[in-house]
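Overview (structure and organization)
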Amino acid sequence: MNGIARAIDSVIATIAPQTALKRTAARQKMQILNSGYSNYGANTTKKSLIGWNYAGGSAREDINDNLSILRQRSRDLYMGVPIATGAVKTMRTNVVGRGLMLKPTVDAEALKITAAQAQQLEKDITREWALWAESPDCDMARIDNFYELQQLAFLNWLASGDTLVLLPTKKRINQPYDLRVQLIEADRLSSPNNFDTFDNQIVGGVEVDKDGEVVAYHFSKHHPLSYANERMEWQRVEAYGKHTGRKNVLHLMCRERIDQRRGVPFLAPVIEALKQLGRYTDAELIAAVISGLFTVFIEKESNEDGEPVGSGIAEEDLIDEEDENSLELGPGAILDLAEGEKAHDINPGRPNKNFSGFVEAICRQIGAALEIPYELLLKHFTSSYSASRGALEEAWKMFKMYRAWMANDFCQPVYEEWLAEAVAKGRINATGFFTDPLRRKAYCKAQWNGPARGLLNPVQEVGAAVTRVENGFSTRSAETMEMAGGDFYSNCEQLKQEEKKLKEVKKIVNAGEQKPGNAAGQQGNGTKPGEPEGRKDGDGAKPGEPAEQKDGGGQQGEKPVRSDTE
């Protein structure tokens, strides 16, 4: 307590002892209350914290009320700032890539079928799934197949924070399946007339009941930011079918707050850093371009009007004569300055030697916020093998998390809807699919395999995979999926066919070498092709050496006597 406070308390204690006692008790209470976080992060008296402008609210105030600006700024960064574009595309390529591929894994034990029956059922499902998923007919817009729709849905989630998916049905020629996937951009999910209800029943176009369960979604007729000259109307779509319980809407979103109903764009935490970095990069780029030009300033001692610099250049050589404020210099031109005029050149001093280090420091912070290591964000692997490997391992933890989320919230629900239609139409034989939820779950069990991670040292990492399998720490199926993105059993079937064909080829080649006769590879005199005549197998001579003749006594080295006919 400072001296002024003590003096005041002393005066009050002399005049009004009771009041002084209350002041002392109050001060003791304040000392008790000012503890814990109030001395640190929650302190409001420290000079380092007193200027902190903070305000908080519920998920509705903190997130939903700011989403429109966040979405538009995130999309603008994606379209114009290279680092932002690279971060989004790095996520899309590593999480989804060419698309998460279906691998049915039917639960044979729950279905009480043999392993061979389960394997055959999985093959039938895979074949029928390819008929629907690999065709643009699965898309309501009839543009992309299912794997391309995955890329589009994930990319829109990164940029907007939400992706909405409807699952309508529509018949099409030469397509046995009627299920369609319709993607809707996040902006179209909004409250009717753009007003959330005061009782929080409808917020951001998402309607809940009194228990907080999502019961419906409200979609505008067209995009609210478009120039469409149409009346804006809203359509209410129930989240689940009343009689079937069918999921009508898939809402792709990652929640970070309880009671949150709308997603946040992926770049939201680093919008300001990315924008400022983009401005700095543009400024340095322009300065570097200017430094490559010969820039001249004209210094005048008076403001008298006269012929401007560049007026002596031929008219056909002028390229910017429409701009009165533009002064031009011609190649190899000699200009005569007026009296009182001096020419001064400037040098911006670019490129800036500190540019790379500054950008690297900012990118490291951006990468930390987005969980993308700096090396992967800039595709700049110059560190040691162990450092690069560690960066990739950290990145793949995040990629796997988002891949599992994408599979659970988008791929698997669509697959289950498709499989229900396939069973209902009799194209897949699945007894008890519609009567027993446990059997249905057993039929719908599946894995979704995405692109494999890169190998920095293939020999070392393949050896490690072999060791894991031999010691039971992993399986061949898991390692095949992890390292090559393929399927072990499909590889085995392919290898069986390849080995069979290879054996047939070797058999033909060997038979051709051993078969006697001119056409079969043996000359009429008993020699093999390419051997000199007069040499037979078993005479002891090496290929390419003349054969040694033996006389009747078995001695070698004597030349035979040539007959007259020879």
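Residues numbered from 1 in each chain as written. Predicted model: local features only at pLDDT ≥ 70, side-chain atom pairs only at ≥ 80, totals over all residues. Heavy atoms only, no water.

**A short note on the overall build of the protein**
Looking only at helices and strands, the protein has 17 helices and eleven strands in total. Burial analysis of the protein (566 residues in total) assigns 33% to the buried set. In the protein, once contacts between residues fewer than 6 apart in sequence are set aside, the share between residues at least 24 apart is 60%. Carbon and sulfur atoms make up 53% of the accessible area of the protein, which amounts to about 36900 Å² in all. (Helix = DSSP H or I, 4+ residues; strand = E, 2+ residues; numbered from the N terminus. Buried < 20%, exposed > 50% of the residue type's maximum accessible area, 1.4 Å probe, protein only. Contact = heavy atoms within 4.5 Å. Areas by Shrake-Rupley, 256 points an atom, 1.4 Å probe, with all protein chains shown as cover.)

**Overview of the sheet that holds strand 2 (residues 163–166)**
Read from one edge of the open sheet, three strands run 3-2-8, paired in antiparallel fashion. The open sheet is flanked by strand 3 (182–185) and strand 8 (249–252), the only strands paired with a single partner. Geometrically, the sheet is characterised by an average inter-axis angle of 25 degrees between neighbouring strands, direction not taken into account. Summarising the sheet, strand 2 and strand 8 pair through four bridges and their orientation is antiparallel. Residue pairing for strand 8: L166 is matched across the bridge by V249. On the sheet, helix 9 (residues 146–160) packs against strand 2, strand 3 and strand 8 and is oriented at approximately 15 degrees with respect to strand 3. (Pairing = 2+ DSSP bridges. Axes fitted to C-alpha atoms, helices over the stretch in contact; angles between N-to-C directions.)

**Some remarks on helix 9**
For an α-helix the count is 3.6 residues per turn, leaving residues at separations of three or four pointing the same way. Taking 1.5 Å per residue as the helical rise, helix 9 with its 15 residues ought to reach 21 Å, and the 21 Å between its terminal C-alpha atoms agrees with that figure. Within helix 9, eleven of the 15 residues are buried, which leaves it mostly tucked inside the rest of the structure. All buried positions along helix 9 are accounted for by F146, Y147, L149, Q150, A153, F154, L155, W157, L158, A159 and S160. Between a side-chain oxygen at the N-terminus of helix 9 and the backbone nitrogen of Y147 the separation is 3.1 Å; the capping residue is N145. G161 sits one or two positions beyond helix 9 and adopts a positive phi of about 90 degrees. (Expected span 1.5 Å × (residues − 1). Polar contact = N/O pair within 3.5 Å; in protein donor to acceptor, adjacent residues only side chain to side chain.)

**Focus on the packing of aromatic side chains**
Considering all chains together, one arrives at 23 aromatic pairs under this definition. Relative to W418, the ring of W129 has its centre 5.3 Å away and its plane inclined at 85 degrees; by these criteria the two rings are edge-to-face. Of this pair, W129 sits in helix 8 (residues 115–133) while W418 sits in helix 13 (residues 385–424); the two residues are 289 residues apart in sequence, bridging distant segments of the chain. The class of W418 is buried, set by a relative accessible area of 0%. With 5.9 Å between their ring centres and 75 degrees between their planes, W129 and W448 make a pair best called edge-to-face. (Phe/Tyr/Trp six-rings, centres within 6.5 Å; stacked < 30°, edge-to-face > 60°.)

**With respect to the confidence of the model for the protein**
Reading predicted coordinates in detail is not appropriate for stretches of low pLDDT. Averaged over the protein, the pLDDT score is 82; the fraction of residues at 70 or greater is 78%. Every residue in residues 519–524 is under pLDDT 50, and counting partners more than four places away or in other chains gives 18 contacts. Note on residues 534–566: pLDDT under 50 across the span, and 24 contacts to partners over four residues away in sequence or across chains. (pLDDT = per-residue confidence, 0-100.)

**Section: helix 6 (residues 82–95)**
Taking 1.5 Å per residue as the helical rise, helix 6 with its 14 residues ought to reach 20 Å, and the 20 Å between its terminal C-alpha atoms agrees with that figure. Phi turns positive, to about 60 degrees, at G97, one or two residues after helix 6.

**Digging into the packing of helix 10 (residues 271–291) against helix 11 (residues 355–370)**
Relative to each other, helix 10 and helix 11 sit at 165 degrees, their axes nearing to 11 Å. Here helix 10 lies roughly antiparallel to helix 11, going by the angle between them. Crossing geometry of helix 10 relative to helix 11 is assigned as left-handed. Of the residues in helix 11, those in contact with A273, L274, L277, Y280, T281 and E284 of helix 10 are F355, F358, V359, I362, C363 and I366. Taken together, the residues of the contact of helix 10 with helix 11 break down into ten nonpolar, one polar and one charged. (Parallel < 35°, antiparallel > 145°, perpendicular 65-115°, else oblique. Left-handed = near helix turned anticlockwise from the far one by under 90°. Nonpolar A, V, L, I, M, F, W, Y, C, P; charged D, E, K, R; others polar.)

**Quick word on unusual backbone geometry**
One non-glycine residue with positive phi stands out, namely N174, at about 65 degrees. One can find N174 in the loop between strand 2 and strand 3. On the accessibility criterion, N174 (77% relative accessible area) is exposed. Its identity as a non-glycine residue notwithstanding, D259 has a phi of 70 degrees, on the positive side.

**With respect to the side chain of E375**
Mapped onto the elements, E375 comes out in helix 12 (residues 374–377). In this structure E375 is buried but unpaired, with R364 as the nearest side chain of opposite charge at 4.8 Å. With near-sequence residues (within four places) excluded, E375 lies in contact with H380, F381, S383 and A391. (Lys, Arg positive; Asp, Glu negative; His and termini not counted. Salt bridge = Lys/Arg side-chain N within 4 Å of Asp/Glu carboxyl O.)

**Digging into the layout of surface pockets**
Taken as a whole, the largest pocket spans an internal volume of roughly 740 Å³. Every residue lining the largest pocket is counted, 22 residues in all, and those nearest its centre are L102, K103, T126, D487 and S490. Secondary-structure elements contributing two or more residues to the lining of the largest pocket are strand 1 (101–104), helix 8 and helix 17 (488–514). The greatest single-element share of the lining of the largest pocket, amounting to eight residues, is contributed by helix 8. Tallied by class, residues from the lining of the largest pocket come to eight nonpolar, seven polar and seven charged. Roughly 600 Å³ of internal volume is contained in the second largest pocket. (1 Å grid on protein atoms, 1.4 Å probe; cavity = no way out; pocket = protein on both sides within 12 Å on 5 of 7 lines; lining within 4 Å. Points joined across faces, edges and corners; volume = space filled by probe spheres on them.)

**So, the side chain of R71**
Looking at where R71 falls in the secondary structure, it is placed in helix 5 (residues 67–80). Despite being buried, R71 has no salt bridge partner; D187 is the closest side chain of opposite charge, sitting 4.1 Å away. Contacts of R71, omitting those with residues within four sequence positions, involve A159, S160, D162, A186, D187, R262 and P265.

**Quick look at the pattern of salt bridges**
Evaluated as defined, the whole model comprises 21 salt bridges. D137 is the partner of R142 in a salt bridge, and the nearest nitrogen-oxygen pair spans 2.8 Å. According to the relative accessible area criterion, R142 is partly exposed, its value standing at 44%. Residue classification places D137 among the buried positions, given a relative accessible area of 10%. Salt bridges here are not isolated pairs; linked through shared partners, they connect K171, D178, E421 and K425.

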